[in-house]
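Chain residues, written in single-letter form:
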Amino acid sequence: MIDTKVIIVGGGPSGSSCAWRLRQNGVECLVLDKDVFPRTKLCAGWITPQAVRDLRLREDNYPHGMIKLDRLHFRFYGKKVPIRTTQYSIRRFEFDSWLLQRSGAPTAEHTVREIKRVDGKYIIDDKYRCEYLVGAGGTNCPVYRILFKDKNPRDKGALIVAMEKEFPFEYSDANCYLWFFENKLPGYSWYVPKGGGYINIGIGGKQASLAKGQDDIHRQWEFLTKSLQQLKLIDISNVTPKGYSYYLRHRVSVMSSDKAYLAGDAAGLATVDMGEGIGPAVQSGLRAADSIIGGGAYSWQGLGKYSAVELWRGRSAN
Ligand SMILES: Cc1cc2nc3c(=O)[nH]c(=O)nc-3n(C[C@H](O)[C@H](O)[C@H](O)COP(=O)(O)OP(=O)(O)OC[C@H]3O[C@@H](n4cnc5c(N)ncnc54)[C@H](O)[C@@H]3O)c2cc1C
């Protein structure tokens, strides 16, 4: 049996941020992830200035491509609304791996399946034992499924289905475009240029609204790729996407219980209209660590809520 004070399930932004803060404070922890890093994570890779600050990222300490976007080109129902702001784009393949390595925490490749509570400790798959357990395993996090599902049933109305593709492309347009409610999509589609000559294109919408309109995400994907070709943003027609689903922020009654914590997508913390999940994942991971270190309360109240509407009004531009 491997014994440690804290086990973090999942090495994405929530898990690595939690590990980073714990290690900075000398707390022993171990990160378990089913994948070996660097691993692919479906994501547009847009990060906010708040996330950059929370992670203490700078262009001179981040060794991979990080593009600064001086404006976001929004289209609402086809109407152009360019918004001056400073945002960033990264590639999750590089970013997550770098964050995890920077945390200084030991990691192990392990798919968590079973969690038991024995004599005040958590036992994972009869192999790992810890006093504190952090569930940072994303939408399908086993800590959520085993310990929190009954306390926090998820709201199906907040389920987002998304599709994306990231690929090397010699782009001539380095702007970031977001199309809201185009083609009756209950969500938005995007074109995000990346460092190192990559772009990410994708689409995300509320599953319940798509089903209600007898629409589906595949039809919307076809529409997006055709539109991008017409706009001359891409020049290939055959782009095969991958899909993933996650929950936007909704009522989460219990974020911690009995020295177990939920962070990031495991808790369903992505913001409501932009689906920004990296920033809330980082903040919640740091907060979980602070609560373990100092014994204070842990909640999602007051977590950043990046919103298209607020960006438009200039309230959360930086
Ligand atoms: C298509 C798409 C585009 C997106 N674009 C953006 C964007 O541009 N900007 C933004 O801010 N957010 C975006 N998001 C949301 C964002 O990707 C997530 O909110 C964010 O990754 C959450 O981080 P996390 O650390 O909670 O979970 P994750 O990044 O999902 O990490 C969870 C980790 O847990 C591991 N894991 C899972 N199950 C187990 C298990 N049983 N045992 C061990 N390990 C396990 C996984 O391998 C994974 O490494 C997007 C999401 C999608 C689907």
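In case you missed it, the structure is sitting above this.
Definitions and cut-offs
- Residues numbered from 1 in each chain as written.
- Predicted model: local features only at pLDDT ≥ 70, side-chain atom pairs only at ≥ 80, totals over all residues.
- Heavy atoms only, no water.
- Phe/Tyr/Trp six-rings, centres within 6.5 Å; stacked < 30°, edge-to-face > 60°.
- Buried < 20%, exposed > 50% of the residue type's maximum accessible area, 1.4 Å probe, protein only.
- Lys NZ or Arg CZ within 6 Å of the ring centre and 35° of its normal.
- Helix = DSSP H or I, 4+ residues; strand = E, 2+ residues; numbered from the N terminus.
- Pairing = 2+ DSSP bridges.
- Polar contact = N/O pair within 3.5 Å; in protein donor to acceptor, adjacent residues only side chain to side chain.
- Contact = heavy atoms within 4.5 Å.
- 1 Å grid on protein atoms, 1.4 Å probe; cavity = no way out; pocket = protein on both sides within 12 Å on 5 of 7 lines; lining within 4 Å.
- Points joined across faces, edges and corners; volume = space filled by probe spheres on them.

**Student:** Could you clarify how one ought to interpret the packing of aromatic side chains in this entry?
**Tutor:** Working definition: an aromatic ring pair is given by the centre-to-centre distance plus the angle between the planes. Enumeration over the complete set of coordinates arrives at 13 aromatic pairs. Ring geometry for F74 against F76: centres 5.5 Å apart, planes inclined by 10°, an arrangement best described as stacked. Looking at F74, the relative accessible area reads 0%, which means it is buried. One aromatic cluster in this structure is built from F74, F76, Y77, F180, F181, Y188 and W190. Here R91 stacks its cationic end above the ring of Y198, 3.5 Å away from the centre of that ring. Over the aromatic face of F148 sits the side chain of K151, whose NZ or CZ is 5.3 Å from the ring centroid.

**Student:** So what exactly am I meant to see when it comes to the pairing of strand β4 (residues 67-76) here?
**Tutor:** Every regular strand shows the same layout, with side chains that alternate between the two sheet faces. Within β4, seven of the 10 residues are buried, which leaves it mostly tucked inside the rest of the structure. Bridging between β4 and strand β5 (residues 79-89) involves nine bridges; their strand directions are antiparallel. By the bridge assignment, H73 is partnered in β5 with P82. In textbook terms, the turn of a hairpin is the stretch between consecutive antiparallel strands, and for β4 and β5 this stretch comprises two residues, one of which, Y77, has a positive phi near 50°.

**Student:** Please clarify how the side chain of R39 should be interpreted in this entry.
**Tutor:** With respect to the helices and strands, R39 occurs in the loop between β2 (29-33) and β3 (46-47). For R39, the side chain forms a polar contact with the side chain of D96, separated by 2.8 Å. When residues no more than four places from it in sequence are discounted, the contact partners of R39 are G12, R92, F93 and D96.

**Student:** Teacher, can you tell me more about the layout of surface pockets here?
**Tutor:** Any space left empty among the atoms is revealed by the rolling of a water-sized probe across them. The computed volume of the second largest pocket comes to approximately 260 Å³. Surrounding the second largest pocket, 15 residues form its lining, T40, K41, L42, E164 and E166 being those nearest its centre. When contributions to the lining of the second largest pocket are tallied by element, the ones reaching two or more residues are α3 (92-103) and β10 (159-168). Counting residues per element, the lining of the second largest pocket draws most heavily on β10, at three residues.

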